[in-house]
Amino acid sequence: MLGSDVRKVFETILPGEILLELARPSSLQILRAMIIAAATGYGGRQADVMRLYLEAGAEEVVRGGFYAWFGERLETVVLAVRKRALDYGLSLPRDLPGILGAHVTDWHIVDSSTVKLDKALRAEYPGTGDYAALKIHKRFSVGL
């Protein structure tokens, strides 16, 4: 996928006017920074979201004020974006060419990642080293 393809999908799922409509009631203008941060090597942590938010030219805000935005109002916005993304994905034709389409309804890729957590969480989420960790298992549909 080229950058232009990613942009087209992104703007189809979350065009600027829809983003503003979703974000305005809760005064949360950080949604795009969150989505971009999720794909960085930093794992989409709040500090990375803040860095991207500020690099995009947003108004300076203190760290505590920025982190206060992560709550129930933001969850409502994220759930609305999730619904738009899933509806978009389900609207696409199945990509099951040739003999696959005759015998398969979908195919999946299974993967896992380990995310390091703050060391203070080590008792609840022991990692294999001297850190806390959480293993995340993912299943991706590649036919839909």
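Residues numbered from 1 in each chain as written. Predicted model: local features only at pLDDT ≥ 70, side-chain atom pairs only at ≥ 80, totals over all residues. Heavy atoms only, no water.

> Explain the pattern of salt bridges to me, and be specific about the residues and the numbers.
Side chains that differ in charge, positive against negative, can pair when their charged atoms come close. Under the counting rule described, the total for this entry stands at five salt bridges. Across the salt bridge formed by Arg51 and Asp48, the nearest N and O atoms sit 2.4 Å from each other. Here Arg51 and its partner Asp48 are both found in helix H4 (residues 46–55), three residues apart, which amounts to about one turn of the helix. Notably, a salt bridge pairs Lys83 with Asp87, separated by 2.7 Å at the nearest N-O pair. Here Asp87 and Lys83 lie together in helix H6 (residues 72–91), a separation of four residues that amounts to about one turn. (Salt bridge = Lys/Arg side-chain N within 4 Å of Asp/Glu carboxyl O. Helix = DSSP H or I, 4+ residues; strand = E, 2+ residues; numbered from the N terminus.)

> I'd like a rundown of the nonpolar core, residues and numbers included.
Within the largest apolar cluster, 10 residues are counted, these being Ile30, Ala33, Ala37, Val49, Met50, Leu52, Tyr53, Phe66, Trp69 and Leu74. Broken down by secondary-structure element, the contributors of at least two residues to this core are helix H3 (31–37) and H4. For this core, the leading source of residues is H4, giving four residues. (Core = buried A, V, L, I, M, F, W, Y, C linked by side-chain atoms within 4.5 Å. Buried < 20%, exposed > 50% of the residue type's maximum accessible area, 1.4 Å probe, protein only.)

> Lay out helix H2 (residues 16–23) in plain terms, naming residues and giving numbers.
Because each turn of an α-helix spans 3.6 residues, side chains separated by three or four positions in sequence point in the same direction. Residues of H2 that are buried include every one of Leu19, Leu22 and Ala23, and no others. The buried side chains of H2 occupy one side of the element, clustering within an arc of 90° when seen end-on. The exposed residues of H2 that point more than 90 degrees off its buried face are Glu17 and Glu21. Against H3 and H6 lie the buried residues of H2. (Arc of directions from axis to C-beta. Contact = heavy atoms within 4.5 Å.)

> Before we move on, could you go through the environment of Tyr125 and cite the residues and values that matter?
With respect to the element layout, Tyr125 can be found in the loop between strand S1 (108–117) and strand S2 (132–141). Expressed as a C-alpha distance, the spacing of Tyr125 and Lys135, which sit 10 residues apart in the sequence, is 9.4 Å. Among residues more than four places away in sequence, those in contact with Tyr125 are Leu117, Tyr131, Ala132, Ala133 and Leu134.

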